[in-house]
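As a plain string of letters, each chain reads:
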Amino acid sequence: MKAELKQLIALQNTDTRIRRLKADIEAIPQRRAEIEREFDQRAFEIRALETERDAAQHERARLETEIFEQRKRAERADRNLMSSKNAQEYEAAIREADAARKTISQLETTLLEKMEAIDQAENQLKEREPEVERMRTEMEQRLKELDEQTRSESEEITARGIEREQIFASLPVQMAALYKRISARIRDGIAVAEARNSSCSACFMSLRPQVMAEIRRGEEVITCDNCNRILYYVPAEQKATEASATVTPNVAA
Ligand SMILES: [Zn+2]
């Protein structure tokens, strides 16, 4: 195969790799958000317990203040009882003291319930502490991995970019111009495609036998009549040996 054609394929492989890396990096903020959302969903029950406990604590404080007020009311009624000057005042003071004590009793029952609710919520929260801790550790680990991925992929983009410029600069001028023109026009940026099973692997257009023969010879730059991509041919035996190393432009990606 002509050296320039090999360089074009190398250029295409490098560009495709750069595009994939960039797409990966662009998707990372969304992946981060998904991880955080998943954590939030799993932590939802725990937050509900915390909210329940906080509400009960708030209610307890309110009840305690009210009980304090009702005790003052009862004491006041007791004083009025002592100083009552007639049966009417006496009766009124008795009723007031009774009412206050009845209210206190009700409030104290509610207060006990609240204190039980606080205890229960706190016990459950304590029980689930290791679970929350594990979830948090796991989330942090996954976020760290994403950071690491961003870092290594950014580094690779820089390295591949340099490599790409070197290949591009080494191409004959008109070849470089052709590549640039095709890749700029084609949405997936793939300017070089394999001719496989007598058709273009990018647009699936059938290739005439004589065109296929020219591509096989690899002496001229042949472009697809339909999609205008530069076509190349990989012999079956070469494919077998380079199976893992060959980075064939994948049009499906
Ligand atoms: Zn084509």
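Reading the values: rules and limits
Residues numbered from 1 in each chain as written. Predicted model: local features only at pLDDT ≥ 70, side-chain atom pairs only at ≥ 80, totals over all residues. Helix = DSSP H or I, 4+ residues; strand = E, 2+ residues; numbered from the N terminus. Rg over C-alpha atoms; globule rule 2.2 N^0.38 Å. Buried ≥ 20, exposed ≤ 12 C-beta atoms within 10 Å, placed from the backbone. Contact = placed C-beta atoms within 7 Å. Domains from an automatic or database assignment. Expected span 1.5 Å × (residues − 1). Bend = angle between axes of the 7 residues up to and from the residue. Pairing = 2+ DSSP bridges. pLDDT = per-residue confidence, 0-100. Core = buried A, V, L, I, M, F, W, Y, C linked by C-beta atoms within 7 Å. Axes fitted to C-alpha atoms, helices over the stretch in contact; angles between N-to-C directions. Parallel < 35°, antiparallel > 145°, perpendicular 65-115°, else oblique. Left-handed = near helix turned anticlockwise from the far one by under 90°. Nonpolar A, V, L, I, M, F, W, Y, C, P; charged D, E, K, R; others polar.

Caption draft 1: The arrangement of the overall build of the chain in detail. From N to C terminus, the chain includes 6 helices and 4 strands. Order of helices (α) and strands (β) in the chain, N terminus to C terminus: α-α-α-α-β-β-α-β-β-α. The C-alpha radius of gyration of the chain comes to 39 Å, more than 25% above the 18 Å expected for a compact globule of 253 residues. Oriented by its inertia axes, the alpha-carbon framework of the chain measures out at about 125 × 30 × 30 Å. Per-residue burial for the chain yields a buried fraction of 14% across its 253 residues. Put simply, of all contacts in the chain between residues at least 6 apart along the chain, 70% involve residues at least 24 apart.

Caption draft 2: Main features of the domain arrangement of the chain. Domains assigned within the chain are domain 1 (34-167) and domain 2 (172-253). Relative placement of domain 1 and domain 2: their C-alpha centres are 65 Å apart.

Caption draft 3: Fine view of helix 3 (residues 87-170). Here helix 3 spans 116 Å end to end across 84 residues, near enough to the 124 Å set by a 1.5 Å rise per residue. By the largest-angle criterion, Arg-128 marks the main kink of helix 3, which is about 45°, and a proline, Pro-130, follows within four residues. Turning to helix 3, its buried residues number three or more, namely Ala-100, Lys-114, Ala-121 and Ile-167. In this fold, the buried residues of helix 3 make contact with helix 1 (3-42) and helix 2 (44-82).

Caption draft 4: Summary view of the pairing of strand 1 (residues 192-196). Within strand 1, 4 of the 5 residues are buried, which leaves the element mostly enclosed by the surrounding structure. Judged from the 3 bridges that link them, strand 1 and strand 4 (residues 230-232) form a sheet pairing that is parallel. The partner of Ala-193 across the bridge, within strand 4, is Leu-231. Both strand 1 and strand 2 (residues 199-200) contribute to a ladder of 2 bridges, which runs antiparallel. By the bridge assignment, Ala-195 is partnered in strand 2 with Cys-200. Here strand 1 folds back onto strand 2 in antiparallel fashion, the turn holding 2 residues, of which Asn-197 has a positive phi close to 50°.

Caption draft 5: Layout of the confidence of the model for the chain. Confidence in the prediction of the chain, expressed as mean pLDDT, is 91, and 95% of residues score 70 or more. Strand 2 holds the highest mean pLDDT among the elements of the chain, 96, whereas helix 6 (residues 236-241) holds the lowest, 74. Throughout residues 249-253 the model reports pLDDT below 50, and contacts reaching past four residues in sequence, or to other chains, amount to 10 contacts.

Caption draft 6: Structural context of the sheet that holds strand 2. Taken in spatial order, the 4 strands of this open sheet run 2-1-4-3, and their pairing is mixed. The sheet is open, and its two edges are formed by strand 2 and strand 3 (222-223), each paired on a single side.

Caption draft 7: Representation of the nonpolar core. Judged by nonpolar contacts, the single largest core of 22 residues is most densely connected at Leu-8, Val-192, Ala-193, Cys-200, Ile-230, Leu-231 and Tyr-232. Those elements giving two or more residues to this core turn out to be helix 1, helix 4 (173-185), strand 1 and strand 4.

Caption draft 8: Structural detail: the packing of helix 1 against helix 3. Where helix 1 contacts helix 3, the two axes come as close as 9 Å, and the packing angle between them is 165°. Between helix 1 and helix 3, the angle is such that the two are roughly antiparallel. The element helix 1 and its partner helix 3 pack so that their crossing is left-handed. In the contact of helix 1 with helix 3, the residues fall into 15 nonpolar, 6 polar and 13 charged.

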